[in-house]
Amino acid sequence: MVARMASAERPPRAVAFGFSVHTGWAALVAISRVGSGLTVLDRRRVGMLPVPLTPRQDAYPHVFHAARELPLATAEQFIRKAEGEARTRAREELAAAMEALRTSGHRVVESAIITARESPSRPLEEVLQSHTLVHAAEGALFRAVICSASEDLGLRVFQVPAPELVRRAAKVLGLAKDDVPEFLTQLGRPLGPPWTADHKAATLAAALALS
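Read on for a plain summary of the structure. (Residues numbered from 1 in each chain as written. Predicted model: local features only at pLDDT ≥ 70, side-chain atom pairs only at ≥ 80, totals over all residues. Heavy atoms only, no water.)

Considerations on the sheet that holds strand β2 (residues 25–34)
Part 1 of the argument: The five strands are arranged β3-β2-β1-β4-β5 in an open sheet whose pairing can be described as mixed. Across the chains shown, the open sheet's two edge strands, defined by having one partner strand only, are β3 (37–47) and β5 (156–161). Neighbouring strand axes in the sheet, compared pairwise and without regard to direction, differ in orientation by 25° on average.
Part 2 of the argument: Both β2 and β3 contribute to a ladder of ten bridges, which runs antiparallel. (Pairing = 2+ DSSP bridges. Helix = DSSP H or I, 4+ residues; strand = E, 2+ residues; numbered from the N terminus. Axes fitted to C-alpha atoms, helices over the stretch in contact; angles between N-to-C directions.)

Some remarks on the nonpolar core
Part 1 of the argument: Within the largest apolar cluster, 40 residues are counted, with the highest numbers of intra-cluster contacts made by Phe 17, Phe 19, Met 48, Val 63, Phe 64 and Ile 146.
Part 2 of the argument: For this core, the secondary-structure elements that each account for two or more residues are β1 (13–22), β2, α2 (63–67), α3 (72–102), β4 (106–115), α4 (124–128) and α5 (131–152).
Part 3 of the argument: Per-element accounting of this core gives the leading share, ten residues, to α3.
Part 4 of the argument: Residues contacting Phe 19, with those up to four places away along its chain left out, are Ala 26, Ala 27, Leu 28, Val 46, Leu 94, Ser 111, Ala 112, Ile 113, Ile 114, Ile 146, Ser 150 and Ala 202.
Part 5 of the argument: Counting residues in each nonpolar core, the second largest holds 25 residues, with Ala 16, Val 180, Leu 187 and Leu 204 among its members. (Core = buried A, V, L, I, M, F, W, Y, C linked by side-chain atoms within 4.5 Å. Buried < 20%, exposed > 50% of the residue type's maximum accessible area, 1.4 Å probe, protein only. Contact = heavy atoms within 4.5 Å.)

Here's the deal with the pattern of salt bridges
Part 1 of the argument: Enumeration according to the criterion identifies eight salt bridges in this entry.
Part 2 of the argument: When the shortest N-O distance is used, the salt bridge between Glu 93 and Arg 89 registers 3.4 Å. With Glu 93 and Arg 89 both in helix α3 and four residues apart, the pair spans about one turn of that helix.
Part 3 of the argument: Residue Arg 89 is classed as partly exposed on the basis of its relative accessible area, which comes to 32%.
Part 4 of the argument: Connected via shared salt-bridge partners are Arg 87, Arg 91 and Asp 152. (Salt bridge = Lys/Arg side-chain N within 4 Å of Asp/Glu carboxyl O.)

Re helix α8 (residues 197–210)
Part 1 of the argument: The first and last C-alpha atoms of α8 sit 20 Å apart over 14 residues, in line with the 20 Å expected at 1.5 Å per residue.
Part 2 of the argument: Every buried residue belonging to α8 is among Asp 198, His 199, Ala 201, Ala 202, Thr 203, Leu 204, Ala 205, Ala 206, Ala 207, Leu 208 and Ala 209, and all of these are buried. (Expected span 1.5 Å × (residues − 1).)

Observations regarding α5
Part 1 of the argument: An ideal rise of 1.5 Å per residue puts 32 Å on 22 residues; α5 measures up with 32 Å between its terminal C-alpha atoms.
Part 2 of the argument: Of the residues flanking the end of α5, it is Gly 154, one or two places downstream, whose phi is positive at about 80°.

Notes on the environment of Glu 92
Part 1 of the argument: Structurally, Glu 92 can be placed in helix α3.
Part 2 of the argument: The class of Glu 92 is exposed, set by a relative accessible area of 53%.
Part 3 of the argument: A sequence separation of 44 residues divides Glu 92 from Met 48, and the C-alpha atoms of the two residues are 9.6 Å apart.

See the structure below:
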């Protein structure tokens, strides 16, 4: 009897998270496959750090910008603390999204993260002296946080460079590259607003992960 009940249950549907990451937060879209198409199951903003106040009050989320105002040793501690807090909060928010999907019969298996061209590793002192490197370091930190939080929760991590996103997604979706914008518009229409560029990009990343 138990075996018959188990065989009658629908297996959990595989879901991928897609992330478009910004300084201190990320847009998350959860998608699964339905036949040959996609369905959007969730979209939400994942906050990683509180709104910034002042650097000397452990202000976030512009971590490296704030660290520029601190002595080097203090800046190192500040960045490590910020990254740890961001990872904890991201993990909590991802776990909540996973649980909401689990209760509706879905299983999240992968996180897809859109990446930028990462700069070579530099000493922190050199990074803090360069406005360009500081901006790059902010992005790299929060992408790493989403990656780490996903791995903490047992999710595989898939990364796709932003310049390759549309071309690669079009191929797996069986679309011409020029048809991708309309496809995304139609996919998001039943959801209503907001359906932003971040949501659309995160959807494409998740579609690649599912493929």
